[in-house]
Amino acid sequence: DAKTTQPNSMESNEEEPVHLPCNHSTISGTDYIHWYRQLPSQGPEYVIHGLTSNVNNRMASLAIAEDRKSSTLILHRATLRDAAVYYCILSLMNRDDKIIFGKGTRLHILP
Amino acid sequence: DGGITQSPKYLFRKEGQNVTLSCEQNLNHDAMYWYRQDPGQGLRLIYYSQIVNDFQKGDIAEGYSVSREKKESFPLTVTSAQKNPTAFYLCASSTFESPLHFGNGTRLTVT
C-alpha cells in the first residue's frame, strides 16, 4: 500500500495559487518526500522533493510540516498546462526500497 | 539528450502469446523499475532492479518476468500467465540522490 494519502481530485482557477496536500503520518527519518505529475498518456515527471526544509524550484514550492507528517505542493500561479495527476511519494534516497505510488490527486484548472 | 526510451508506444497481441516490452536508458542510472497503470488508477510496481544481474519483485510480479543483463536495458516480458495484461506500462530509472526518470510508456492491448 502507498504510504501517502492525497485527495482524489481538486479544482482551481487559472492564474491562482494551488495548494495540493499530502499526508504521510508513518514517514521515517530517512524518507524523502517526492512529488511527480503525470499528463494523459505520458510518464510521470519529477516536480520537487525535500527532506525537512521547505524547497523552491522553478516549477513549484514544497512546504513540509514541522513533524514531517504532512506536506503541501504549491503551484504559485496555475495555468491550464498544470492540469494533471499529482503524486506524492516517499522514498529513501539510496533507492534501497520499493517506490510505491498511490492514486494521486487529479488537478482540474478552470479557465 | 539523455533519457529513457520505451518501445513500441502501442502494442497489440493475441491472448496466450508472450510479449516483451523494451526499456533502454542512457542516463547511466543503476536502478530501473517497471510499473503498470490501469485507467484512472495510480502506478503499481511490477519489478525493480538496483544493479545489473539482480532484480526484485514488486507488488504485482505474477505473470511477468524481467532481465537485467546490461545496465542500460531492463526488458519486461508479459507472459500468457498474466490474467489481465491490457494496461499502460511505464519504465523508470534513477540513481543515488536523483529523482525517478520515466519513459513515455507502452500501451499494451491483448485481445
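Residues numbered from 1 in each chain as written. Chains lettered and ligands numbered in written order. Predicted model: local features only at pLDDT ≥ 70, side-chain atom pairs only at ≥ 80, totals over all residues. Heavy atoms only, no water.

(A) Here's a closer look at the state of the cysteines. Under the defined criterion, the tally for this structure stands at two disulfides over all chains. A disulfide bridge connects Cys22 of chain A with Cys88 of chain A, and the sulfur atoms are separated by 2.1 Å. Residues Cys22 of chain A and Cys88 of chain A are joined by a disulfide whose S-S torsion is about -80 degrees; by sign, that bridge is left-handed. Note that Cys22 of chain A is positioned in strand β2 (residues 18-23) and Cys88 of chain A in strand β8 (residues 84-92), a separation of 66 residues in sequence. Here Cys23 of chain B is linked by a disulfide to Cys91 of chain B, with a sulfur-sulfur distance of 1.9 Å. Judged by the sign of its S-S torsion, about -75 degrees, the bond between Cys23 of chain B and Cys91 of chain B is left-handed. Linking Cys23 of chain B in strand β3 (residues 19-25) with Cys91 of chain B in strand β9 (residues 87-94), this pair joins segments that are 68 residues apart in sequence. (Disulfide = S-S within 2.5 Å. Helix = DSSP H or I, 4+ residues; strand = E, 2+ residues; numbered from the N terminus.)

(B) Seen up close, the interface of chain A and chain B. Listed as interface residues are 20 residues of chain A and, on the opposing side, 26 residues of chain B. Across the interface of chain A and chain B, roughly 1900 Å² is buried in total on both sides, 53% from carbon and sulfur atoms. Taken together, the links from chain A to chain B amount to zero salt bridges. Summed over the shared surface of chain A and chain B, the result is four residue pairs in polar contact (both at pLDDT 80 or more). (Contact = heavy atoms within 4.5 Å. Buried area = accessible area lost by both parts, 1.4 Å probe. Salt bridge = Lys/Arg side-chain N within 4 Å of Asp/Glu carboxyl O. Polar contact = N/O pair within 3.5 Å; in protein donor to acceptor, adjacent residues only side chain to side chain.)

(C) Structural view of the side chain of His24 of chain A. All names here are of chain A. The topology assignment puts His24 in the loop between β2 and β3 (31-38). We classify His24 as buried; its relative accessible area is 0%. A distance of 3.0 Å separates a polar atom in the side chain of His24 from a polar atom in the side chain of Ser71. Ignoring sequence-local partners within four residues, the contact set of His24 consists of Lys3, Thr4, Ile33, Arg68, Lys69, Ser70, Ser71, Cys88 and Leu90. (Buried < 20%, exposed > 50% of the residue type's maximum accessible area, 1.4 Å probe, protein only.)

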